[in-house]
Amino acid sequence: LVPAVFGKDAALTQRYAFHRGDERFDRERLARFAACPPPGVEVRPFDGETYRMAMAAPWSRSFCEQFRSEEDFLARGLGMAALSGGELVGGASSYVCFSGGIEVQVETRKDMRRRGVALACCARMILACLDRGLYPGWDAANAQSAALATRLGYRCAGAYDAWELYRT
């Protein structure tokens, strides 16, 4: 029914699910990834400044847009921001919070992809979650995200079909 109801405002896509509780998180390996962002890139926890940077650019709004406000994100959310030359170039954050965990959101600005930005941010994010007793949930929107998750210690449960709905 989705195509009949939404027409061109809907697209079938493939996502990747991961087994919950069957991760193989190696803290030492994650710490090595976290300690090695690309040259000239600083990874730091989200704060008010990085929240505002994320909300100012369309590519990065998903880091924080599920929260009511900056105050709400800073009180309940969690994130790691990658900065280069004072600009936000990537990060990982809590897209959704749930009892005992979060759903990880990861994004890298297009010109900075395939350099290790997401790897460093996600490793720091997972470690921060584990230190706080939170489960860092992962559901990949594409094959690149699935490969990153596997490298970080998640075990893929398989691909599944999903519909993306677009606002017109």
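Rules of the game
- Residues numbered from 1 in each chain as written.
- Predicted model: local features only at pLDDT ≥ 70, side-chain atom pairs only at ≥ 80, totals over all residues.
- Heavy atoms only, no water.
- 1 Å grid on protein atoms, 1.4 Å probe; cavity = no way out; pocket = protein on both sides within 12 Å on 5 of 7 lines; lining within 4 Å.
- Points joined across faces, edges and corners; volume = space filled by probe spheres on them.
- Helix = DSSP H or I, 4+ residues; strand = E, 2+ residues; numbered from the N terminus.
- Nonpolar A, V, L, I, M, F, W, Y, C, P; charged D, E, K, R; others polar.
- Phe/Tyr/Trp six-rings, centres within 6.5 Å; stacked < 30°, edge-to-face > 60°.
- Buried < 20%, exposed > 50% of the residue type's maximum accessible area, 1.4 Å probe, protein only.
- Pairing = 2+ DSSP bridges.
- Right-handed = clockwise from strand over helix to strand, strands pointing away.

Overview of the layout of surface pockets
Part 1 of the reasoning: Considering only enclosed or pocket space, the largest pocket measures out at about 1400 Å³ in volume.
Part 2 of the reasoning: Contributing to the lining of the largest pocket are 34 residues, with Val 106, Glu 107, Ala 141, Asn 142 and Ser 145 lying nearest its centre.
Part 3 of the reasoning: Taken together, the elements giving at least two residues each to the lining of the largest pocket come down to strand E5 (101–108), helix H5 (117–131), helix H6 (143–152) and strand E7 (156–165).
Part 4 of the reasoning: Classifying every residue of the lining of the largest pocket gives 15 nonpolar, eight polar and 11 charged.

Comments concerning the packing of aromatic side chains
Part 1 of the reasoning: Tallied over the entire structure, the rule returns eight aromatic pairs.
Part 2 of the reasoning: For the pair Phe 18 and Tyr 154, a centre-to-centre distance of 6.0 Å together with 70 degrees between the ring planes defines the contact as edge-to-face. Residue Phe 18 is found in strand E1 (residues 10–18), and its partner Tyr 154 is found in the loop between H6 and E7; the two are separated by 136 residues along the sequence. Tyr 154 shares its class with Phe 18; the two are buried.

Describing the pairing of E5
Part 1 of the reasoning: Of all eight residues in E5, six are buried, a share of seventy percent or more.
Part 2 of the reasoning: Sheet topology places strand E4 (residues 87–98) next to E5; eight bridges connect them, and they run antiparallel. Across the sheet, residue Cys 97 finds its bridge partner in E5, namely Ile 102.
Part 3 of the reasoning: Two successive antiparallel strands, E4 and E5, enclose a turn made up of two residues, where Gly 100 displays a positive phi of approximately 90 degrees.
Part 4 of the reasoning: Bridge analysis of E5 against strand E6 (residues 135–137) gives three bridges, and the strand direction is parallel. Bridging across to E6, Glu 103 finds its partner in Gly 137.
Part 5 of the reasoning: In this view, the connection linking E5 to its parallel neighbour E6 by way of H5 has right-handed handedness.

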